[in-house]
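# Survey of secondary and tertiary structure
Chain by chain, the residues run as shown.
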Amino acid sequence: MKLKSDSLLISLYQEGDEEALSALIHRHQKELFTFIFYKINDEDLANDVFQDTFMKIIVMLKEGRYNEEGKFILWAKRIAHNLIIDHFRSKSKNIKVSETTFETDEYSIFDLIREPSENIEDQLVTNQIQEDLLRMLQFLPKNQQEVIKLRFFDGLSFKEIADHTDMSINTTLGRVRYALINLRKIMDENKIILTR
Amino acid sequence: MRKNDPLKVKTLKPKKETIDFLLNFSKGLEIVKTKNKNYPINKN
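Remember, it's a predicted structure, so these values are computed and weren't measured experimentally. (Residues numbered from 1 in each chain as written. Chains lettered and ligands numbered in written order. Predicted model: local features only at pLDDT ≥ 70, side-chain atom pairs only at ≥ 80, totals over all residues.)

### Side note on the overall build of chain A
Cut-off, in case you're wondering: Helix numbering and strand numbering both begin at the N terminus, where a helix is a DSSP run of H or I of at least 4 residues and a strand a DSSP run of E of at least 2. Working definition of burial: number of other C-beta atoms within 10 Å of the residue's own, with buried at 20 or more, exposed at 12 or fewer, and partly exposed in between, all C-beta atoms being placed from the backbone. In this description, any two residues whose backbone-derived C-beta atoms lie within 7 Å of each other are considered to be in contact.
The helix and strand inventory of chain A stands at eight helices and zero strands. For chain A, the succession of helices and strands along the chain, N to C, is α-α-α-α-α-α-α-α. Looking at chain A as a whole, 23% of its 196 residues are labelled buried. Looking at chain A alone, contacts between residues at least 24 apart form 53% of all its contacts between residues at least 6 apart.

### Description of unusual backbone geometry
Residue and element names in this part refer to chain A. Here Asn-41, not a glycine, exhibits a phi torsion of approximately 55°, which is positive. The residue Asn-41 is located in the loop between helix H2 (18–40) and helix H3 (43–62) in this model. Backbone geometry places Asp-166, a non-glycine residue, at a positive phi of 60°. Within the element layout of this structure, Asp-166 appears in the loop between helix H7 (158–165) and helix H8 (169–189).

### A word on the interface of chain B and chain A
Put simply, the rule reads: Gly is put with the polar residues, along with every residue not named as nonpolar or charged; the nonpolar set is Ala, Val, Leu, Ile, Met, Phe, Trp, Tyr, Cys and Pro, and the charged set is Asp, Glu, Lys and Arg.
In this assembly, 18 residues from chain B lie in contact with 18 residues from chain A. Residue assignment for the side of chain B that touches chain A shows that the elements contributing at least two residues are helix H1 (16–28), strand S1 (29–33) and strand S2 (38–42) of chain B. For the side of chain B that touches chain A, the leading source of residues is H1(B), giving eight residues. Class assignment for the residues of the side of chain B that touches chain A results in eleven nonpolar, four polar and three charged.

### What to know about the environment of A:Ala80
All names here are of chain A. Along the chain, Ala-80 falls in helix H4 (residues 72–91). A residue is classified by how many C-beta atoms lie within 10 Å of it, and Ala-80, with 25 of them, is buried. Distance in space between the C-alpha atoms of Ala-80 and Leu-32 is 8.2 Å, their sequence separation being 48 residues. Among all residues touching Ala-80, those that are not within four sequence positions of it are Leu-32, Phe-35, Ile-36, Val-49 and Thr-53.

### Some words on the nonpolar core
Residues and elements named next belong to chain A. This is how it is decided: Definition of nonpolar core: a set of buried Ala, Val, Leu, Ile, Met, Phe, Trp, Tyr and Cys residues joined via C-beta atoms within 7 Å.
Among the nonpolar cores identified, the biggest contains 23 residues, and Leu-24, Leu-32, Ile-36, Phe-50 and Ala-80 are the most heavily contacted of them. Of all the secondary structure elements, the ones that give two or more residues to this core are helix H1 (6–14), H2, H3 and H4. Considering each element in turn, this core owes the most residues, ten residues, to H2. With ten residues, the next largest nonpolar core counts Val-147, Ile-148, Leu-156 and Leu-180 among its residues.

The quantities given are spatial measurements derived from coordinates; they are silent on function.
Right, here's the structure in full:
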């Protein structure tokens, strides 16, 4: 099992091989748990989020809803990231997690894609916003598209993006900042308003 | 190289109980497919 790729393990699991899931969890447990822990700094809560993340993954894999678009670990981190956001949102409506360190505006447009969907209407709006954002991203240079996807869709930290792309953290910060400025320009020029 | 580099990120891992729960959860999970929707049902 150790030598098998994530993709193969997922296929085996979907065919009913429970050992493949065990291998998948053991392979990624440290990276995913560390990712969660350093965002919330509470070991018990990190265990809860880790558990909820894999429960979602298990259900989605069994339902056949996983598509091989990216790396498994990035998908898992995105799910964990969204669960962490949901946790903080439900804990206190006053806690706002956004990229306001880079901007003077009241909100980050990327907060909009992280709202927990409660009903079909919410889901449709969330899907529409996500589609609009992905469409706008296509107008950015490739290197800016990459950092935005890693930061906001995959939920990676700046340090992780820097490691992933072989850039310094300062370059990463700058690139995300320029990408956000460019996105705002595109929105202004095209009179695009993203809201729910 | 410094042995205890304070900047080095410590790697952690989840509790064994968490992993055991997930493996049991998976074993007990059955997806009931209907015409329009999938329903995850836990057999445990």
